[in-house]
Amino acid sequence: VVFRALLLIGAVLLAGCSSSPKNHQEIDAAHSAKLRINHPIYGADNVKIVDGDLCRNDNAFSIDASKSKVARFKKSIDLGIPKTSTASSYYDEFVIPSSKNISIQFSTHKQSGAFIESCMPPGVSFEANVGGLYEAFMSEEYGQCSIQVREINRDGTQTFPVPTQRVKSKHFVGGCKY
């Protein structure tokens, strides 16, 4: 009985001290845009979306949009962004703040037997327009991977490259050291 009481008290204390993740849906609609993260068909990926600097831990806006191989069986988060020719079968859509720098860190890992393939490109940042529709995905060309961000027109028939800036990110050797 004493053990159960101590266990219950410990659980209550831990629950009270833990911080709940910020709800990205609470962003004011007059100051927001939508972003689709296209997850790769194979392997697992790690995705972080923040306002400002990827190397800070106190961002006002932060989403962990990572997806494991097992999570592929879960239904995607769908906010109604029109499907494009580059849209993946595995995606999640998020409300993001507009008119400020949004940074994205993306990496993928695929294992086939003893062979492990990883892709960890530099993080990128861009400024979303109010009401804008965007998609971000990994691209590989000539053995090099990168993060692509595209703006989507209202019916999804056209996408346009979004200018991005390379930003420091934690998953690089020496990544956040200034």
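Residues numbered from 1 in each chain as written. Predicted model: local features only at pLDDT ≥ 70, side-chain atom pairs only at ≥ 80, totals over all residues. Heavy atoms only, no water.

This brings us to the pairing of strand β5 (residues 101-112). Judged from the four bridges that link them, β5 and strand β7 (residues 123-127) form a sheet pairing that is antiparallel. Looking at β7, one finds that Ile102 is bridged to Phe126. As paired strands, β5 and strand β6 (residues 115-119) are joined by five bridges and run antiparallel to one another. Residue Gln111 lies in a different strand from β6, and its bridge partner there is Ile116. In sequence, β5 turns back onto β6 through a hairpin of two residues, with Gly113 there showing a positive phi of about 65°. (Pairing = 2+ DSSP bridges. Helix = DSSP H or I, 4+ residues; strand = E, 2+ residues; numbered from the N terminus.)

Below, the discussion takes up the packing of aromatic side chains. In the structure shown here, the tally under the stated rule is one aromatic pair. Consider the rings of Phe126 and Tyr134, whose centres lie 5.2 Å apart with planes at 50°: the pair is tilted. Its relative accessible area of 2% is what places Phe126 among the buried residues. Here Tyr134 falls in the buried class, since its relative accessible area comes to 1%. Over the aromatic face of Tyr91 sits the side chain of Arg36, whose NZ or CZ is 5.8 Å from the ring centroid. (Phe/Tyr/Trp six-rings, centres within 6.5 Å; stacked < 30°, edge-to-face > 60°. Buried < 20%, exposed > 50% of the residue type's maximum accessible area, 1.4 Å probe, protein only. Lys NZ or Arg CZ within 6 Å of the ring centre and 35° of its normal.)

Before going further, it helps to examine the environment of His39. Note on placement: His39 falls in the loop between β1 (32-38) and β2 (44-51). On the basis of relative accessibility, which here comes to 1%, the residue His39 falls in the buried class. A polar side-chain atom of His39 sits 3.1 Å from a polar atom in the side chain of Asp92. (Polar contact = N/O pair within 3.5 Å; in protein donor to acceptor, adjacent residues only side chain to side chain.)

The subject of this paragraph is the sheet that holds strand β4 (residues 91-97). Here five strands make up an open sheet; going across it, the order is β4-β1-β8-β9-β10 and the pairing mixed. Edge positions in the sheet fall to β4 and β10 (159-161), since each of these pairs with one other strand and no more. Direction aside, neighbouring strands of the sheet carry axes that sit 35° apart on average. (Axes fitted to C-alpha atoms, helices over the stretch in contact; angles between N-to-C directions.)

With 72% of its residues at a pLDDT of 70 or more, the chain shows a mean pLDDT of 75. Considering only residues more than four positions removed or in separate chains, one finds that residues 2-25, a stretch of pLDDT under 50, has nine contacts. (pLDDT = per-residue confidence, 0-100. Contact = heavy atoms within 4.5 Å.)

On to unusual backbone geometry. The residue Ser99 is not glycine, and still its phi comes out positive at about 60°. Assignment of secondary structure puts Ser99 in the loop between β4 and β5.

Below, the discussion takes up the side chain of Ser103. Relative to the helices and strands, Ser103 is located in strand β5. Residues within four places of Ser103 in sequence aside, it is in contact with Lys48, Ile49, Val50, Gly52, Leu54, Val124, Ser125 and Val167.

Pairing between side chains of opposite charge can happen when the charged atoms of each approach one another. According to the stated counting rule, one finds five salt bridges in the structure shown. Linking Glu93 and Arg36 is a salt bridge whose minimum nitrogen-to-oxygen distance equals 3.2 Å. With Glu93 in strand β4 and Arg36 in strand β1, this residue pair connects regions lying 57 residues apart in the sequence. You'll find Glu93 and Arg36 in the same group, each marked buried. For Arg36, the salt bridge identified is with Glu135, shortest N-O distance 3.0 Å. With a gap of 99 residues between them, Arg36 in strand β1 and Glu135 in strand β8 (residues 133-141) connect regions that are remote in the sequence. (Salt bridge = Lys/Arg side-chain N within 4 Å of Asp/Glu carboxyl O.)

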